[in-house]
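# Inside the fold
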Amino acid sequence: MPELRDLPAVDTVLSHPDLSTLCARHGLQTVRDRVRAVQNDIRRAGAVPGWAVDPSAYAGVLANALMPKGYRPVFNLTGTVIHTNLGRALLSRELWQDIEPLVTRPMNLEYDLVAGSRGDRDAVIEERLARLVGCEAATVVNNNAAALLLVLNSLALGRKVPVSRGELIEIGGSFRLPELMARSGCTLLEVGTTNRTHLKDYAAVAPEAALLLKVHPSNYHISGFTKEVSAQELSGLAREHDIPSCVDLGAGTLVDLTRWGLPYEPTPDAMLGQGIDVVTFSGDKLLGGVQAGIIVGNKTHLDAIKQNPMKRALRADKITLAILDATLKLYENPERLPTALPLLNALTASGEEMCRRGQAVIAALPAGWAGHVIESSGQIGSGALPDQTIDSIAVTLDHPEYSAQRIQTLLRELPTPVIGRIKESRVLLDMRMASPLDELTDVLAALPA
């Protein structure tokens, strides 16, 4: 076990090559003060961790301590396109510029310009969704978990709701469907088994149910000996018992992704076409917009949802509604989506284009660094198509003096942090999201030689 006398001198730490970048970026005195503070904390604790006797190990500790606080733009080169931790779907600069007046000036958020009186903040979105999805009514809240919470609280408060055991999902941050249902005020009835659920399982409890719920398990996949109840079967059973049916799509997409060679994902209009009364889905995943929970479906049920006092607590703000409306407008011309929608632009990037980006990245690396363009695979991410990967192109990043973990740290310390991934002890930078390329190459050129 190291002792206090084994701590290296401050100047010894500062003179180590691994700290040269930190000293240049933050200033010698700033780094010196931080080294002293770290060692003083160790002395007060009276126990010396193993890393603290190695001067090079201070680089990682100090990089975290000196990293500027607050939200910052980063390059998502992880291979996960819709990355929850990195902001999910991107917005285009053109879209943001178009809505800028709505954000910086007064707008008719809840004002009817024709009648000259108070209006409905969801009216514009509702009208657009009715055209795109073919629904009778729609509303928007701040995320999809809130959308499902509101639906259950509005249509099944104090009553029972059956759900297949194979659909009792846990989403990011350890939020579980059974817990959300309990908070909504309804009682969960588990039906079927993990891998097989039949219509008869729902039918056995339908007489005591307030609503029949189907949850699209978009963040995991079960294969093998499986059986699930289709949306059409569920809606038919719900009509027999005169109760509403609901499908939570999770990620949600408004178009058939297979037209661009991507895996199939169910759409809200397909669910409504199979007789489902209410459908919920996200705005910032496969839709490619802003964080929002979207509820579409039968007008009678949507009216009850809108009148719930919880709706005000969960409602979307003006910026969300403005971005969502601008994003939905793009879907009225689906042929332009691959160029107009950043998400689809990334998902449909060609191998040739990604190779070109990879070569540009390698050319920008400082002396001492090596990069190679390789075939790779990525994923759409954020609970979308968990069993599907997409072909991609990546650049491997190597330096004779740095480990993969150290390279990752150096990338995060760049003026605009670059977030990659480690696979088989190599750092990979996926080229699917390598944009804007000129900024990325400028940033990578700042790596220490």
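The text that follows walks through the structure, step by step, so that each part is easy to find. Keep in mind it's a predicted model, so treat the numbers as computed, not measured. (Residues numbered from 1 in each chain as written. Predicted model: local features only at pLDDT ≥ 70, side-chain atom pairs only at ≥ 80, totals over all residues. Heavy atoms only, no water.)

What follows concerns the overall build of the protein chain. Looking only at helices and strands, the protein chain features 19 helices and 17 strands. Put simply, the protein chain has 449 residues, and 49% of those count as buried. At a minimum sequence separation of 6, the contacts of the protein chain that also span at least 24 residues come to 74%. Accessible surface, the protein chain: about 21,100 Å² in total, of which carbon and sulfur atoms supply 50%. Separation of charge centres in the protein chain, based on 44 positive and 51 negative side chains, amounts to 5 Å. (Helix = DSSP H or I, 4+ residues; strand = E, 2+ residues; numbered from the N terminus. Buried < 20%, exposed > 50% of the residue type's maximum accessible area, 1.4 Å probe, protein only. Contact = heavy atoms within 4.5 Å. Areas by Shrake-Rupley, 256 points an atom, 1.4 Å probe, with all protein chains shown as cover. Lys, Arg positive; Asp, Glu negative; His and termini not counted. Charge placed at Lys NZ, Arg CZ, Asp CG, Glu CD.)

Once that is clear, we can look at the sheet that holds strand β10 (residues 245–248). Here 5 strands make up an open sheet; going across it, the order is β4-β12-β11-β10-β9 and the pairing mixed. Of all the strands in the sheet, the pair left with one neighbour each is β4 (137–141) and β9 (212–215). Neighbour-to-neighbour, the strand axes of this sheet turn through a mean angle of 15 degrees, independent of strand direction. With respect to the sheet, helix α7 (residues 144–155) is in contact with β4, β9, β10, β11 (278–282) and β12 (293–297), its orientation differing from that of β11 by roughly 160 degrees. (Pairing = 2+ DSSP bridges. Axes fitted to C-alpha atoms, helices over the stretch in contact; angles between N-to-C directions.)

Moving on to the nonpolar core. Inside soluble globular proteins, nonpolar side chains tend to come together where they are buried. Membership of the largest hydrophobic core comes to 46 residues, with the highest contact counts inside it found for Val 81, Leu 129, Val 279, Val 296 and Leu 324. Elements with a minimum of two residues in this core: α5 (93–104), α6 (123–133), β4, α11 (268–273), β11, β12, α14 (318–330) and α16 (342–347). The element that contributes the greatest number of residues to this core is α14, accounting for 6 residues. Among the nonpolar cores identified, the runner-up in size contains 28 residues, and Leu 148, Met 181, Cys 186 and Leu 314 belong to it. (Core = buried A, V, L, I, M, F, W, Y, C linked by side-chain atoms within 4.5 Å.)

End to end, α14 covers 19 Å across 13 residues, agreeing with the expected 18 Å (1.5 Å per residue, within 8%). When we look at burial in α14, the residues that qualify are Thr 320, Leu 321, Ala 322, Ile 323, Leu 324, Asp 325, Ala 326, Thr 327 and Leu 328. Where α14 is buried, its residues touch α5, α6, β4 and β12. (Expected span 1.5 Å × (residues − 1).)

The N-to-C vectors of α5 and α14 enclose an angle of 145 degrees; their axes lie 10 Å apart at closest approach. In the packing of α5 onto α14, the handedness of the crossing is right-handed. Two secondary-structure elements touch here, α5 through Leu 95, Trp 96, Ile 99, Leu 102 and Val 103 and α14 through Lys 318, Ile 319, Ala 322, Ile 323, Ala 326, Thr 327 and Leu 330. Residues that form the contact of α5 with α14 fall into these classes: 10 nonpolar, 1 polar and 1 charged. (Left-handed = near helix turned anticlockwise from the far one by under 90°. Nonpolar A, V, L, I, M, F, W, Y, C, P; charged D, E, K, R; others polar.)

Mapping Thr 139 onto the fold places it in strand β4. Since its relative accessible area comes to 1%, Thr 139 is described here as buried. Engagement of the side chain of Thr 139 in a polar contact is seen with the side chain of Lys 311, the distance being 3.4 Å. Beyond its immediate chain neighbours, meaning those up to four positions away, Thr 139 contacts Asp 122, Gly 293, Ile 294, Ile 295, Leu 302, Ile 305, Lys 306 and Lys 311. (Polar contact = N/O pair within 3.5 Å; in protein donor to acceptor, adjacent residues only side chain to side chain.)

We now examine the packing of aromatic side chains. Enumeration according to the criterion identifies 2 aromatic pairs in this entry. When the centroid spacing of 5.2 Å and the interplanar angle of 70 degrees are considered together, the rings of Trp 51 and Tyr 58 count as edge-to-face. A cation sits over an aromatic face here: Arg 196 above Phe 225, 4.0 Å from the ring centre. (Phe/Tyr/Trp six-rings, centres within 6.5 Å; stacked < 30°, edge-to-face > 60°. Lys NZ or Arg CZ within 6 Å of the ring centre and 35° of its normal.)

Okay, the side chain of Ser 164 next. Tracing the backbone through its elements, the reader meets Ser 164 in strand β5 (residues 160–164). In terms of polar contacts, Ser 164 uses its side chain to reach the side chain of Thr 197, at 2.6 Å.

Another point: the sheet that holds strand β13 (residues 370–378). Strands sit in the order β13-β14-β17-β16 across an open sheet of 4 strands; the sheet is antiparallel. Each having just a single partner strand, β13 and β16 (421–423) make up the two edges of the open sheet. This sheet shows a mean twist of 40 degrees between the axes of neighbouring strands, independent of strand direction. Of the strand pairs in this sheet, β13 and strand β14 (residues 390–398) are connected by 9 bridges, and their pairing is antiparallel. Of the residues in β14, the one forming a bridge with His 372 is Thr 396. Lying on the sheet, helix α17 (residues 351–364) is in contact with β13 and β14; it crosses β14 at an angle near 10 degrees. Sheet strands in contact with helix α18 (residues 404–412) are β14, β16 and β17 (426–430), and its direction is about 40 degrees off that of β17.

Coordinates in, geometry out; function isn't part of it.
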